[in-house]
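Structural overview for review
This is what each chain is made of:
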Amino acid sequence: MSPKTAPAAEIQPLPKPGSMTCLVKERLEEPGVLLTSRPVPALQHETDVRIRVWATAICGTDKHIFNSEHGTIAAMRPKSGEYQPVVIGHE
């Protein structure tokens, strides 16, 4: 059996040097996320590390964020000030 190949519309170009591909929750109250590029965050402490991700998956929390579910969105809402877009994902 040959490996499945993604349709051309699903293939994304590699990010430019110094940037990373990521999912961003742009609008807190609206379902959806944006697949985009952002600058690679700087290491801030001597114990910080940067890893290269070869594969990823969507977890339950990501699904709740994508769907703008009440409890998850309430937890993401800032205590003061306006909501700022957030790069989602962890581990």
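Anything mentioned here points back to the structure above.
These notes cover the structure that comes with them. (Residues numbered from 1 in each chain as written. Predicted model: local features only at pLDDT ≥ 70, side-chain atom pairs only at ≥ 80, totals over all residues. Heavy atoms only, no water.)

**Let's talk about the overall build of the chain**
Short version of the rule: For the purposes of this entry, the term helix denotes a DSSP run of H or I that reaches at least four residues, the term strand denotes a run of E that reaches at least two, and both are numbered from the N terminus. Exposure categories follow from relative accessible area, calculated using a 1.4 Å probe and restricted to protein chains: below 20% of the type maximum is buried, above 50% is exposed, and the middle band is partly exposed. Here, two residues are considered to be in contact whenever any of their heavy atoms come within 4.5 Å of each other. Here, Shrake-Rupley sampling with a 1.4 Å probe gives the accessible areas, and only protein chains in the shown set may cover a residue.
Across its full length, the chain holds two helices and three strands. Listing each helix as α and each strand as β along the chain from the N terminus yields β-β-α-α-β. Scored against the burial criterion, the 91 residues of the chain give a buried share of 16%. Look at the contacts in the chain between residues 6 or more apart in sequence, and 47% of them connect residues 24 or more apart. With the model as given, the accessible surface of the chain reaches about 7,900 Å², and the carbon-plus-sulfur share is 57%.

**Some words on the pattern of salt bridges**
The line we're drawing: In the sections that follow, a salt bridge refers to a side-chain nitrogen of Lys or Arg positioned within 4 Å of a carboxyl oxygen of Asp or Glu.
The final tally for this structure, using the stated rule, is two salt bridges. The partner of Glu29 in a salt bridge is Arg77, and the shortest N-O contact between them spans 2.1 Å. Taken together, the residues span a long stretch of sequence, with Glu29 in the loop between strand S1 (19-25) and strand S2 (34-39) and Arg77 in the loop between helix H2 (70-76) and strand S3 (86-87) at a distance of 48 residues. The exposure class of Arg77 is partly exposed, given its relative accessible area of 40%.

**Quick notes on the sheet that holds S3**
Strand pairing in a sheet is mediated by backbone hydrogen bonds. Such pairs are either parallel or antiparallel. How we decide: One bridge is not enough; two strands pair if DSSP finds at least two bridges between them.
Judged by pairing direction, the sheet is antiparallel, and its three strands sit side by side in the order S2-S1-S3 without closing on themselves. The sheet is open, and its two borders are formed by S2 and S3, each paired with just one other strand. Strand direction decides the pairing type here: S1 and S3, joined by two bridges, are antiparallel. Each bridged residue has a counterpart across the sheet, and for Val24 the counterpart in S3 is Val87.

**Some thoughts on the pairing of S1**
Bridge analysis of S1 against S2 gives six bridges, and the strand direction is antiparallel. Within S2, the position partnered with Cys22 by the bridge is Thr36.

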